[in-house]
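Structural description and commentary
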Number of protein chains: 2
Amino acid sequence: MTNSSSDRRPGEFQLIAKYFAPLTESSPGALGLSDDAAFLALRPGEELVVTTDALIEGVHFLHDDPPEMIAAKSLRVNLSDLAAKGATPAGYLLALCLPGWPDESWLAAFCDGLASDQKNFAAPLLGGDTTATPGPLVVTITALGFVPAGSAIHRSGAQPGDAVFVSGTVGDAGAGLELLKAPVVARSADEGELIGRYRMPVPRLALGRRLRGLASAALDVSDGLIADLNHISEVSRVRIVVDAPRVPVSPAFLRVRGNDLQSRVFAATAGDDYEIAFTAPAGKRDAVVQAGARAGVPVSEIGHIEAGSGTILRDEQGREVPLERTGWVHL
Amino acid sequence: MTNSSSDRRPGEFQLIAKYFAPLTESSPGALGLSDDAAFLALRPGEELVVTTDALIEGVHFLHDDPPEMIAAKSLRVNLSDLAAKGATPAGYLLALCLPGWPDESWLAAFCDGLASDQKNFAAPLLGGDTTATPGPLVVTITALGFVPAGSAIHRSGAQPGDAVFVSGTVGDAGAGLELLKAPVVARSADEGELIGRYRMPVPRLALGRRLRGLASAALDVSDGLIADLNHISEVSRVRIVVDAPRVPVSPAFLRVRGNDLQSRVFAATAGDDYEIAFTAPAGKRDAVVQAGARAGVPVSEIGHIEAGSGTILRDEQGREVPLERTGWVHL
């Protein structure tokens, strides 16, 4: 951790040594956070994949959220971007803007959350920055990963005739967020499950790696399945057709939101799922399903690619469903 | 630029396309900011150097500071870390937490500042994230660079008998910051120069590269010359002795702050200089001075390394100067 001029508090360096340096134990290039920068040895034939996301108190998490959860979510949304590109994590940098000087119990819990997820996803801390801020807590993580050169999965490779897939289930996180925004009432186990999916996304790293050479285009679902697929549609210059009844939802989602077209539309347009949406040649669908099985995450075929532009959702009768949320239409 | 769930404003993607995508023209791996991540081809035999720093409105810059300047300073403090390690910039990621939605003129000026400095320092935008924040503007930059594997300059290599050097002049930025904090009065040209050094540091990239193979340890001066040298002292496990009269100060600094011991102590303990402080074997001092001349920045020998611990400042008579600012003593 380097330190900026605003951080001349006694104790800062001890806190870094106590809480953050241990997170670098498996990354020799972090030099125990004792240098200006971190170093990463590059293996021949590999390409670096980098992504950054800032999470802000009051926007992406709440003031009273458990610090372990804030830490884990901040890391996971970044690892999810690596997953969607087929990359293997190499580590991450953490820029922490702390409102005042945190009590040590908060910092200890935050670092516990990082420590646990670093092990889960083999992504050690490489370096970072801590600064006091007059504003809300901001956690900015930059994740670094590797792919064999040329094997990364971009958004641009979808072709007419490809099939469209998504991992896991969508809509849970969006339903969880709606529950969190509503007045607090006694919550069912199903509701708790949906809220958990909003709070703690699972980056699909094992699946992403297995999609190299199979998927023609991929991204992670953060804005909403249809809005995100539309990014592929735009960059690949194709038309994407998604069949609403095939959009995979969880049993908890079905019980809480019902099984009608409206709930399926919600699932396809709610965000924060962090599943991988991707396209692959129709002839590879067996290999795709097998890749999912090996990665331990179900993969559902939900539509197809045509010549043209735009992304549409169809009902059981094949009619285009008009979508109320039009934000994505103007992307 | 990926976008998080809070950013479903129509127009965001157009703004990214209009203002940020042009900044990626010389970085093909940025894919025009149309993907989840950026890609960087790695050359065999090179090592990656990464660093991140967050700059916060009200802490590192003021609300009314020119947006070009905020952009440039945010980039430059990160490039300064690369410079101190001897690295050549490869590019940077930008996570921008924007208070509300900025007017386009602000964003245009901010991106002009980035565009200009990208050219100055050959460091193109690789990717990033934009998010609305209820708090102050936060600009988090992650800079990536390369060195030939094994040639990076760390903080840990200083040896007894080494000489201690610093590039340029120190104290200007600290004096400029004090002027900015004082009630605004008509300012002299000298005062303007000092303020300019605070506002717009110059990363010593050309010098840093030339110090590979010469410097035994290096870092950039952000906390203050003595405080920062003490980091080298700690990590290299040596004692650093700095002679106050040899600490280089600018003509403007001398005219504004005077030429007594007190002003020299101020220069050695004020921060935000972003010069390179480094050590090198005494026998290499001619090569060091030549490296400075070739890089276009003067280099001053200011002290030496002994066995022991700690960093001290000596007066003309060789007596240790007691320092009032003790924060760095406890590092």
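In case you missed it, the structure is sitting above this.
A brief report on the enclosed structure follows.

Definitions and limits used
Position numbers for residues start from 1 in each chain and track the written sequence from start to end. Chains carry letters from A onward and ligands carry numbers from 1 onward, assigned in written order. Side-chain atom pairs in this predicted model are given and counted only at pLDDT of 80 or more, local residue features only at pLDDT of at least 70, and totals for whole chains, interfaces and linings cover all residues. To get the side-chain values, all heavy atoms of the structure are used, and hydrogens and water are removed first. Secondary structure elements follow DSSP: runs of H or I no shorter than four residues count as helices, runs of E no shorter than two count as strands, and numbering proceeds from the N terminus. For a compact globule the rule gives 2.2 Å times the number of residues to the power 0.38, and the radius of gyration it is set against comes from C-alpha atoms. In this scheme, a residue with accessible area under 20% of its type's maximum is buried, one over 50% is exposed, and one in between is partly exposed, where area comes from a 1.4 Å probe on protein chains only. Here, residues are in contact when the closest pair of their heavy atoms is within 4.5 Å. Note on areas: Shrake-Rupley with a 1.4 Å probe; residue coverage comes only from the protein chains shown. Only four residue types enter the tally: Lys and Arg on the positive side, Asp and Glu on the negative side, with His and both chain ends excluded. Throughout, a charge is located at the NZ atom of Lys, the CZ atom of Arg, the CG atom of Asp or the CD atom of Glu. As used in this record, nonpolar core signifies buried Ala, Val, Leu, Ile, Met, Phe, Trp, Tyr and Cys residues forming a set joined through side-chain atoms within 4.5 Å.

Some thoughts on the overall build of chain A
The helix and strand tally for chain A stands at 10 helices and 12 strands. Scaling as 2.2 N^0.38, a compact globule of 331 residues should have a C-alpha radius of gyration of about 20 Å, and chain A matches this with 21 Å. Along the three orthogonal principal directions, the C-alpha set of chain A runs to about 70 × 55 × 35 Å. Every one of the 331 residues in chain A was classed for burial, and the buried ones make up 63%. A sequence separation of at least 24 residues applies to 85% of the contacts in chain A between residues at least 6 apart. Carbon and sulfur atoms provide 53% of the accessible area of chain A, an area that totals close to 11,900 Å². Counting 29 positive and 40 negative side-chain charges, chain A places the centres of these two groups 5 Å from one another.

A word on the environment of Leu205 of chain B
Residues and elements named next belong to chain B. If you trace the backbone, Leu205 turns up in helix H6 (residues 205-210). Relative accessible area serves as the criterion here: at 5%, Leu205 is assigned to the buried category. For the pair Leu205 and Thr88, spaced 117 residues apart in the sequence, the C-alpha separation amounts to 7.2 Å. When residues no more than four places from it in sequence are discounted, the contact partners of Leu205 are Leu79, Leu82, Ala83, Ala87, Pro89 and Phe121.

What about the nonpolar core?
One broad trend across soluble globular proteins is that nonpolar side chains are buried collectively. All names here are of chain B. In this structure, Phe20, Leu94, Phe110, Val139 and Phe278 are the most contacted members of the largest nonpolar core, which totals 56 residues. When residues in this core are grouped by element, the largest group, 7 residues, is from helix H2 (residues 67-84). The contact partners of Phe278, leaving out residues within four places of it in the chain, are Ala163, Val164, Phe165, Val166, Leu211, Ala215, Ala217, Ala218, Val288 and Val299.

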